[in-house]
Amino acid sequence: MLFYKIFLAIFILLIISIIIIYHIHKNTIIINQTTIDKFDFYLLYQKNPLVISDHIPSLQLILDSWFKYNFIYKDDNNIPKWKLNTAKYTLLHNNNETNIEIHICHPNIKLINNIPTSESKIITISLSSHQFIILPYKWYYFNDNKNVTIFNIHDVYTKLLTTL
């Protein structure tokens, strides 16, 4: 009987930890920026968008080294609309020779007809040629450019949530 109580307590603590880690976001908006050489995984754990200022034509080496233990899917659905990031990270790469704009919103905004309300703070990020941004779980983004490659990077938890 004691075993079941301890197991139940650990299970409840695990559920609470997952909720805090994935579903609770600070109301402050911070956009981090770094280079490949100064990249630190702590920047991703802060649950803020991360702009990599280096110009990388091919992301395969980045995906293979930074996210080798994750499930990586290329998103070919480039319909211009607001999308909710349901992956642990979404990587948006400007594979064009010109600058593009990506619009992002905090997870705590309200949407009406899949569009942020007028009170929502919409942030526009300008990505130069071959730059990329990494968006954390539950952030919204809008892309109206066809020359953006989108990778959804899942861990076990987010992969399980998307399949349910």
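Residues numbered from 1 in each chain as written. Predicted model: local features only at pLDDT ≥ 70, side-chain atom pairs only at ≥ 80, totals over all residues. Heavy atoms only, no water.

Draft legend 1. Structural view of the overall build of the protein. Per the secondary structure count, the protein includes four helices and twelve strands. Considered along the principal axes of its C-alpha atoms, the protein spans approximately 65 × 40 × 30 Å. Expressed as a percentage of the 164 residues in the protein, the buried residues total 42%. Summarising the internal contacts of the protein: among those between residues at least 6 apart in sequence, 78% fall at separations of at least 24. Accessible surface computed for the protein: about 9,900 Å², of which carbon and sulfur atoms make up 60%. (Helix = DSSP H or I, 4+ residues; strand = E, 2+ residues; numbered from the N terminus. Buried < 20%, exposed > 50% of the residue type's maximum accessible area, 1.4 Å probe, protein only. Contact = heavy atoms within 4.5 Å. Areas by Shrake-Rupley, 256 points an atom, 1.4 Å probe, with all protein chains shown as cover.)

Draft legend 2. Focus on the packing of aromatic side chains. Inspection of the entire model under this criterion finds ten aromatic pairs. When the ring of Phe3 is compared with that of Phe7, the centres are 6.4 Å apart and the planes differ by 20°; the resulting orientation is stacked. A residue pair is termed a helical-turn pair when its members lie 3 or 4 positions apart in one helix, as Phe3 and Phe7 do in helix α1 (residues 2–23) at four residues. Three or more aromatic residues joined by ring pairs make a cluster, and in this case those are Phe39, Phe41, Trp66, Phe67, Tyr89 and Phe132. (Phe/Tyr/Trp six-rings, centres within 6.5 Å; stacked < 30°, edge-to-face > 60°.)

Draft legend 3. A look at the sheet that holds strand β4 (residues 82–84). Overall, antiparallel pairing links the four strands, which are arranged β4-β11-β6-β9 in an open sheet. With one partner strand each, in any of the chains shown, β4 and β9 (122–127) form the two edges of the open sheet. Here the average twist between neighbouring strands, direction ignored, is 30°. Two elements, β4 and strand β11 (residues 140–142), share three bridges in a ladder whose sense is antiparallel. Within the sheet, the bridge partner assigned to Lys83 lies in β11 and is Tyr141. (Pairing = 2+ DSSP bridges. Axes fitted to C-alpha atoms, helices over the stretch in contact; angles between N-to-C directions.)

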